[in-house]
Amino acid sequence: MSFFSKHIDKVKKALKNGERKDGPSKAAIRGLRHHRMKRDPEDNQKSAVPEDVRIYMPSLWVIEAYPPTFINNLIDGLKKGDFVEQHSRIHNRNILDQINLMRSVGFRNNWYHLGIFASKDSSMFPTMNANIPEGVSHISSYLHQFVPSTTILASQFYLNKDLQKTIEEPLSKDYQTVAIVNKDRTRYNSVIHQKQDAYLYQMEFIRTLCSNWVDSSFPGLFSSDLIKRNHPTSELILFEADDPIEGKQNPYGSYKNIMGFKSDFDMYQSSDLKDFVMTLDEKYSSNRSSILFGGNIDKVLSDKKLEAYGGSDKVQRIAGWSYYLHKTLSFWSLTDIVFEYYRKQNNLRDKLGAIDHSSDENALFELQNIENELIELQANSIPLANELYSVIDEKGFDYDLFDFAPIAKELRGKKTFIELRKDLLKRKALSIIENDKQITRITSSLTNLITGQINLKLSESNNKLQKRIFWLTLLAVIIAVFSFFDITDSKLVSWVKSLYK
């Protein structure tokens, strides 16, 4: 008895009750009904924003960087947008001279307020006229120069009331589980997953709306093909009648967990404002690094540091204070820059290893393309790495940076956010320096090897050509001698002619 005949009844039963090619199986449909009747109402309820709670995102930041081969993009953007002239009229200062001064001096605390951009019909004053994204009231941009070679642009986008409330909408909707059939398998897309996708889609829509303005106005490193990473962003999330986190963690599926406020292990508390917290999302798979700042509106405003920020709109008072974070965010963006430089180095290393040596000409062509990429990378990465490594431990490097301490009890007393970042940046800067030495040596060796092989082949071809020239010259002399002495022996002449041919 064969294996299949032993289990024929089980096979027939499985085929009878199994999933059909044109839709879910009966078992899958029963499972879908169970989800929709039992689990979906519970998931919708636990993930919903309570009726008395309101969520606002009054502003977000977009970061751009200008290393040596990109600084002209910033200058060109200022000229094309007529911002040089507008800035001069408002501040009686030439912004291009200021940029040149910052990059030549490169003082670690060097920063400059580029200005406020708003539409022509804005009531704000003084501002520079610009075509800003729909739903944005104005943009405030700052330049930072932690090291001479790399200028950071931090732009804070202030959202109007309609746009800043839109992040709450996907969290307040009800969803139902969907069955997705793929060949003979059925996958369930649950309420929580759909709500996460809807929230992230809305958040990414706003991020892209703002980063596209930076990309079109002042394109830099993150707008280029040199690295494969979107602009770093940071969002200010404010809660009315709730806190970003209560206890050690927000349960899976809760609306705050979906937003990114998950566990005290992932969150930091401001050293300046007691009830102001921060959490990071730097997963490489997300293709964009982001920081979420959050807090309860009334608790944050209870701090004496915010007393000077008056007005009846509580949300805008906190948003007005939050501009102090621009330097901290510019410093944080250096992490993305050095990590992307390091990844690019590793990518070029692998390209060098994959060069096909079966054809010297093709290998040389590949090597030249890689060397072009390497030269651009070195022009930007090596100055930054050397500068960071030499100055990051100097006293005062982190002056005026807002620091954050771990919330989790197990991590208290450990290093702060700024301290951890400084250690990380220094290690990665050293890795870039050492990596570059290895890649340069490999590139040089491959160049010598391939060009040596090509030169050897050329030398062999030249030797063959010289031998042919020698014999042709000799034959020409013999023919000339025969002609001069009028040698007409037919056999001899025929032999010489045959050699010549």
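Use the structure listed above.
Rules used throughout
- Residues numbered from 1 in each chain as written.
- Predicted model: local features only at pLDDT ≥ 70, side-chain atom pairs only at ≥ 80, totals over all residues.
- Heavy atoms only, no water.
- Core = buried A, V, L, I, M, F, W, Y, C linked by side-chain atoms within 4.5 Å.
- Buried < 20%, exposed > 50% of the residue type's maximum accessible area, 1.4 Å probe, protein only.
- Contact = heavy atoms within 4.5 Å.
- Helix = DSSP H or I, 4+ residues; strand = E, 2+ residues; numbered from the N terminus.
- Pairing = 2+ DSSP bridges.
- Polar contact = N/O pair within 3.5 Å; in protein donor to acceptor, adjacent residues only side chain to side chain.
- Axes fitted to C-alpha atoms, helices over the stretch in contact; angles between N-to-C directions.
- Parallel < 35°, antiparallel > 145°, perpendicular 65-115°, else oblique.
- Left-handed = near helix turned anticlockwise from the far one by under 90°.
- Nonpolar A, V, L, I, M, F, W, Y, C, P; charged D, E, K, R; others polar.
- Salt bridge = Lys/Arg side-chain N within 4 Å of Asp/Glu carboxyl O.
- Phe/Tyr/Trp six-rings, centres within 6.5 Å; stacked < 30°, edge-to-face > 60°.
- Lys NZ or Arg CZ within 6 Å of the ring centre and 35° of its normal.
- Arc of directions from axis to C-beta.

(A) Representation of the nonpolar core. Counting residues in hydrophobic clusters, the biggest one holds 65 residues, and the most contacted among them are Phe276, Phe293, Leu334, Ile337, Leu388 and Phe404. What Phe404 contacts, discounting residues up to four positions off in sequence, is Tyr268, Gln269, Ser270, Ser271, Phe276, Val277, Met278, Phe293, Leu325, Thr416 and Phe417. Grouped together as the second largest cluster of nonpolar side chains are 50 residues, Tyr66, Ile95, Ile99 and Tyr112 included.

(B) Summary view of the pairing of strand β1 (residues 54-66). Of all 13 residues in β1, twelve are buried, a share of seventy percent or more. Bridge count for β1 against strand β8 (residues 233-240) is seven bridges, and the pairing is antiparallel. Bridged to Arg54 within β8 is Glu240. As paired strands, β1 and strand β5 (residues 150-159) are joined by eight bridges and run antiparallel to one another. Paired with Ala65 across the strands is Ile152, a residue of β5.

(C) Spatial organisation of the environment of Arg54. Here Arg54 shows up in strand β1. Expressed as a C-alpha distance, the spacing of Arg54 and Glu240, which sit 186 residues apart in the sequence, is 5.0 Å. When residues no more than four places from it in sequence are discounted, the contact partners of Arg54 are Glu168, Leu238, Phe239 and Glu240. Separated by 3.2 Å, the side chain of Arg54 and the backbone oxygen of Glu51 make a polar contact.

(D) Expanded view of the packing of helix α4 (residues 71-80) against helix α6 (residues 95-105). Contact geometry of α4 with α6 gives a least axis separation of 11 Å together with a crossing angle of 165°. Taken together, the axis directions place α4 and α6 in an arrangement best described as roughly antiparallel. Crossing handedness for the pair α4 and α6: right-handed. Seen from α4, the contacting residues are Ile71, Leu74, Ile75, Leu78 and Lys79; seen from α6, they are Ile95, Leu96, Ile99 and Arg103. In terms of residue class, the contact of α4 with α6 is built from seven nonpolar, no polar and two charged.

(E) Inspection of the sheet that holds strand β9 (residues 267-270) at higher detail. Here we have ten strands laid out as an open sheet, ordered β3-β2-β4-β5-β1-β8-β11-β10-β9-β12, and mixed in their pairing. Here the strands that pair on one side only, and so sit at the sheet edges, are β3 (128-129) and β12 (404-406). Bridging between β9 and β12 involves three bridges; their strand directions are antiparallel. Bridge pairing in β12 places Gln269 opposite Ala405.

(F) Molecular detail of the pattern of salt bridges. With the rule as written, the count across this model stands at 24 salt bridges. Glu235 is the partner of Arg207 in a salt bridge, and the nearest nitrogen-oxygen pair spans 3.0 Å. Of this pair, Arg207 sits in helix α9 (residues 191-217) while Glu235 sits in strand β8, and the two are 28 residues apart along the sequence. Taking the shortest distance from any N to any O, the salt bridge between Arg349 and Asp350 comes out at 3.1 Å.

(G) Seen up close, the packing of aromatic side chains. As enumerated under the stated definition, the model contains 21 aromatic pairs in all. By way of ring pairs, the aromatic residues Trp61, Trp111, Tyr142, Phe276, Phe293, Trp321, Tyr323, Tyr324, Phe402 and Phe404 are connected into one cluster. Geometry around Tyr389 places Lys426 over its ring, the cationic atom sitting 5.4 Å from the centre. Between Lys428 and the ring centre of Phe339, over which it is positioned, the NZ or CZ distance is 4.6 Å.

(H) A look at helix α5 (residues 83-91). Taken together, the buried positions of α5 are occupied by Phe83, Val84, Gln86 and His87. Looking straight down α5, one finds that the buried residues subtend no more than 165° of arc, so they occupy a single side. Against the buried residues of α5 lie α4, α6, β2 (110-118) and β3. Following α5 by one or two positions, Asn92 adopts a phi angle in the positive range, close to 55°.

(I) Structural context of the packing of helix α13 (residues 326-353) against helix α14 (residues 360-391). In the contact formed by α13 and α14, the axes pass within 10 Å of each other and the chain directions differ by 150°. The angle between α13 and α14 places the two elements in the roughly antiparallel class. Crossing handedness for the pair α13 and α14: left-handed. Contact with α13, carried on its side by Leu334, Ile337, Val338, Tyr341, Lys344, Gln345, Leu348, Lys351 and Leu352, involves Leu367, Ile370, Glu373, Leu374, Leu377, Asn380, Ser381, Leu384 and Leu388 of α14 and no other residues of that element. Looking at the contact of α13 with α14, its residues break down into twelve nonpolar, three polar and three charged.

These figures capture arrangement, not role.
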